[in-house]
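Report on the structure
Residues per chain, in single letters:
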Amino acid sequence: MTQTASETSPETLAALEADLTERIDAADSDAALEEVRIHALGKKGVVSERLKALGGLSPEERKTVGPAVNGLKARINDAIAQRRTVLQERALTERLAAERIDVTLPVRPAPVETGRIHPVSQVIDELTAIFADLGFQIAEGPDIETDYYNFTALNFPEGHPARDMHDTFFFNPKEDGSRLLLRTHTSPVQIRSMETVEPPIRIIVPGRTYRCDSDQTHTPMFHQVEGLVIDETATIGHLKWILEEFCKAFFEVDNAQMRFRPSFFPFTEPSMEVDIRCRRTGSEVRFGEGDDWLEILGCGMVHPNVLRNCGLDPDRYQGFAWGMGIDRIAMLKYGMPDLRAFFEADLRWLSHYGFRPLDMPTLFAGLSQS
């Protein structure tokens, strides 16, 4: 490019500086300001081109034009930097205004204060505390079971009508015709324990169970706890004492009058259903008083066939077992009218019926503290 005298004259440079300054002042964002910088000082910018052309001037001309063009470059650089500072301060002010926090608002409660333990988890902890005090251990097993552990080993013969009472969820048949299933009770864990643990055995088995049933008091998935005692001297008297002590501790009453009615379960003989004395007032049920009765569990002496199926000699060992619904006894104790609400994940319901997370149930401090 050939530099002409008119392009580097003081008047031309002054006009150029005025134009660039106006553009800089008009830039309202970093992007717009960057476009002005490139137009003025980029590789092909109007100021950069004049600097490149200085080499084509005579020494005398460079002495005059050089300082003028370099001075213009310096002033444009300073103007751009000042405008960038103004834009950054304005953006910061706008952001602070948009993200302003009212420090006079109350502090939000911590998660440990607002979080709640689900009633099912609470009741399992209560059961664990009570039976641990009575010398029982916790046993667990798989939710997906075989027909053998869920039925056959528990003295349910093939085609037995009692199998139909369980409304079982079956999986698709395997190639050999066998079918896995979702356990209908936690009793398979009793079988697995008797197969692997040498008596004496004292366990409780809390866990999820599954049946094809759904209404106000039944759900397809529910929670159950079973207990098992196997030794050489276990009697119905021991069974009655354990259940009475449990009911007094769980319902937190001084007296838990119970009655045992004959019933039928394939895995126990004799089998009994247990009622507890109560008083009904509207939708409220109070235990340890009144003249009414409410069924809460089933129990019995372990059937000799079940002992044989587990490799135990019924002439030497005997025992008893019981089972109850965890969701059901939670409803009875804490006054929940509908079982389906247990599984709807409604935070309002959980906030009302839930328990503070750090209030672990103990027999010493009290089971339910909220």
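Use the structure listed above.
This is a predicted model, so every value here is computed, not measured. (Residues numbered from 1 in each chain as written. Predicted model: local features only at pLDDT ≥ 70, side-chain atom pairs only at ≥ 80, totals over all residues. Heavy atoms only, no water.)

**A short note on the overall build of the protein chain**
- From N to C terminus, the protein chain includes 13 helices and 10 strands.
- Here the C-alpha atoms of the protein chain give a radius of gyration of 41 Å, more than 25% beyond the 21 Å that 2.2 N^0.38 yields for 370 residues.
- For the protein chain, buried positions account for 41% of its 370 residues.
- For the protein chain, restricting intrachain contacts to residue pairs at least 6 apart in sequence, the fraction spanning at least 24 positions comes to 64%.
- Element-wise, carbon and sulfur atoms account for 53% of the exposed surface of the protein chain, whose accessible area totals about 20,600 Å². (Helix = DSSP H or I, 4+ residues; strand = E, 2+ residues; numbered from the N terminus. Rg over C-alpha atoms; globule rule 2.2 N^0.38 Å. Buried < 20%, exposed > 50% of the residue type's maximum accessible area, 1.4 Å probe, protein only. Contact = heavy atoms within 4.5 Å. Areas by Shrake-Rupley, 256 points an atom, 1.4 Å probe, with all protein chains shown as cover.)

**Describing the nonpolar core**
- In this structure, Phe246 and Trp322 are the most contacted members of the largest nonpolar core, which totals 47 residues.
- Among the elements of the structure, helix 6 (119–133), strand 5 (221–231), helix 10 (236–250), strand 7 (268–281), strand 9 (292–302), strand 10 (318–325), helix 12 (326–334) and helix 13 (347–353) are those that each provide at least two residues to this core.
- Within the second largest apolar cluster, 23 residues are counted, among which are Leu228, Ile230, Leu312 and Tyr317. (Core = buried A, V, L, I, M, F, W, Y, C linked by side-chain atoms within 4.5 Å.)

**With respect to helix 12**
- Counting buried residues along helix 12, eight of its nine residues qualify, which places the element largely inside the surrounding structure.
- Regarding helix 12, the residues found buried are Ile326, Asp327, Ile329, Ala330, Met331, Leu332, Lys333 and Tyr334.
- The first or second residue beyond helix 12 is Gly335, which carries a positive phi of 70°.

**Focus on the pairing of strand 5**
- Along strand 5, 10 of the 11 residues are buried, which leaves the element largely enclosed by surrounding structure.
- Summarising the sheet, strand 4 (residues 201–210) and strand 5 pair through 10 bridges and their orientation is antiparallel. Of the residues in strand 5, the one forming a bridge with Val205 is Glu226.
- Here strand 5 pairs with strand 10 via eight bridges, running antiparallel. By the bridge assignment, Val229 is partnered in strand 10 with Phe320. (Pairing = 2+ DSSP bridges.)

**Some remarks on the pattern of salt bridges**
- Overall, the coordinates contain 23 salt bridges when judged by the stated rule.
- Linking Arg23 and Asp19 is a salt bridge whose minimum nitrogen-to-oxygen distance equals 3.3 Å. On the criterion of helical spacing, the pair formed by Arg23 and Asp19 is a turn pair, its members being four residues apart in helix 1 (residues 10–26).
- You can call Asp19 partly exposed: its relative accessible area is 30%.
- Close ionic contact of Asp143 with Arg208 constitutes a salt bridge, the shortest N to O distance being 3.2 Å. Residue Asp143 is located in the loop between strand 1 (137–138) and strand 2 (144–145), and its partner Arg208 is located in strand 4; the two are separated by 65 residues in the primary sequence.
- In this structure, a network of salt bridges that share partners links the residues Arg259, Arg261, Glu273, Asp275 and Glu295. (Salt bridge = Lys/Arg side-chain N within 4 Å of Asp/Glu carboxyl O.)

**A word on the environment of Arg261**
- Examined against the element boundaries, Arg261 turns out to sit in strand 6 (residues 258–265).
- Considered as a pair, Arg261 and Arg100 are 161 residues apart in the sequence and their alpha carbons are 69 Å apart.
- When residues no more than four places from it in sequence are discounted, the contact partners of Arg261 are Ser271, Met272, Glu273, Asp275 and Glu295.

**What to know about the pairing of strand 9**
- Here strand 9 lies mainly inside the structure; nine of its 11 residues are buried.
- Bridge count between strand 9 and strand 10: four bridges; the pairing is antiparallel. Bridging across to strand 10, Met301 finds its partner in Phe320.

**A look at the packing of helix 6 against helix 10**
- Relative to each other, helix 6 and helix 10 sit at 130°, their axes nearing to 10 Å. As far as their axial angle goes, helix 10 and helix 6 are oblique. For the element pair helix 6 and helix 10, the recorded crossing hand is right-handed. Within the contact between the two elements, helix 6 uses Val123, Glu126, Leu127, Ile130 and Phe131 and helix 10 uses Ile242, Phe246, Ala249 and Phe250.
- Counted by class, the contact of helix 6 with helix 10 contains eight nonpolar, no polar and one charged residues. (Axes fitted to C-alpha atoms, helices over the stretch in contact; angles between N-to-C directions. Parallel < 35°, antiparallel > 145°, perpendicular 65-115°, else oblique. Left-handed = near helix turned anticlockwise from the far one by under 90°. Nonpolar A, V, L, I, M, F, W, Y, C, P; charged D, E, K, R; others polar.)

**Points about the side chain of Lys333**
- Within the secondary structure, Lys333 is located in helix 12.
- A polar side-chain atom of Lys333 sits 3.2 Å from a polar atom in the side chain of Glu252. (Polar contact = N/O pair within 3.5 Å; in protein donor to acceptor, adjacent residues only side chain to side chain.)

**Considering unusual backbone geometry**
- The peptide bond linking Pro199 to Pro200 adopts the cis configuration, its omega dihedral lying at 10°.
- Note on placement: Pro200 falls in the loop between helix 9 (187–196) and strand 4.
- Here the bond from Glu269 into Pro270 is cis, since omega is 0°, no more than 30 degrees from zero.
- With respect to the helices, strands and loops of the structure, Pro270 is situated in strand 7.
- Even without a glycine there, the phi angle at Asn155 is positive, about 75°.
- Considering the arrangement of structural elements, one finds Asn155 in the loop between helix 7 (147–150) and helix 8 (161–164).

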